[in-house]
Amino acid sequence: IPLGNIWNGLIPHLIYYMNILETSPSSRSAYDVDVINLVKFLKKDFPKALIAVTGHSLGGGVAIIAGARLKVPAIAFSGPNARLSFMKFNVTIEDLDKYPVNVIPERDPFPMTDDKSLITENIRCRAKDTDADVVCHEITRSACELMYTCGSENRPPIKECHEKYDFPLPNRIDKGRVNA
């Protein structure tokens, strides 16, 4: 956007007020309500338990919002970010920068719908350049990338990694890390 820095300050307010105009509070559908209610229930009944939320794609967006709103850890995979739309979701930038992490494969178009928060883990997408960018959104592909990059705790990666996504066959497993 030309003069992007000027617009970035206005966009959250525009999103917030457009949301008010397009929906009344009674008809507003909030995907995060059930998740938030469940987390509140679990925190009340199991106060010493570590509770975290996670999701992929739209579910990742819900995890980001729920984590920030309830101040619990959240892991999103390819979730739409909420940094510009934070006012719509009644969360703060500080909480978006503290509680959720969004794992984003390169070339995945869906997380690009909003600005990234501070805690973002960028991972590779080993899809061919001729493949559409949307293939980088697949959760199984992301799981394969994480297993090959971070290790798989002495377990071989799932067979789809090699069969479907052309990851190399592992030669051996050495100290929890797959060596291809």
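Placed above this text is the structure.
Report on the accompanying structure. As the structure is a prediction and not an experimental result, all values here were calculated from the model.

1. As for the pattern of salt bridges
- Summed over all chains, the structure comprises six salt bridges.
- A salt bridge links D97 to R83; the nearest nitrogen and oxygen atoms lie 2.6 Å apart. Taken together, the positions of D97 in the loop between α4 (93-96) and β3 (100-105) and R83 in the loop between β2 (74-77) and α4 put the pair 14 residues apart, joining distant regions of the chain.
- Looking at D97, the relative accessible area reads 15%, which means it is buried.
- You can call R83 partly exposed: its relative accessible area is 23%.
- Between R107 and D129 there is a salt bridge; the shortest N-O distance is 3.9 Å. Here D129 lies in the loop between β4 (120-123) and α5 (139-150) and R107 lies in the loop between β3 and β4, a separation of 22 residues in the sequence.
- On the basis of relative accessible area, D129 is assigned to the exposed category, the value being 73%.
- One continuous salt-bridge network, built from bridges that share partners, spans R107, D129 and D133.

2. Focus on the state of the cysteines
- Scanning the model with the defined rule gives two disulfides in all.
- Two residues share a disulfide in this structure: C125 and C136, whose sulfurs sit 2.1 Å from each other. In this structure, the disulfide formed by C125 and C136 twists by about -85° around the S-S bond and is classed as left-handed. Taken together, the positions of C125 in the loop between β4 and α5 and C136 in the loop between β4 and α5 put the pair 11 residues apart, joining distant regions of the chain. Comparing C125 with C136 shows no difference in burial state: the two are buried.

Reading the values: the criteria
Positions within a chain are numbered from 1, following the residues in the order the chain's sequence is written. With the structure being a predicted model, the display of local features is reserved for residues of pLDDT at least 70 and the display and counting of side-chain atom pairs for 80 or more, all residues being used for whole-chain, interface and lining totals. For side-chain calculations, the full set of non-hydrogen atoms in the structure is used, while hydrogens and water are omitted. We define a salt bridge as a contact between a side-chain nitrogen of Lys or Arg and a carboxyl oxygen of Asp or Glu at a distance within 4 Å. Here a strand is any run of E in DSSP of at least two residues, a helix any run of H or I of at least four, and the numbering for each starts at the N terminus. The cut-offs for exposure are 20% and 50% of the maximum accessible area for each residue type, with area from a 1.4 Å probe on protein chains only; residues under the lower value are buried, those over the upper are exposed, and the others partly exposed. Working definition: a disulfide is two cysteine sulfur atoms within 2.5 Å of each other.

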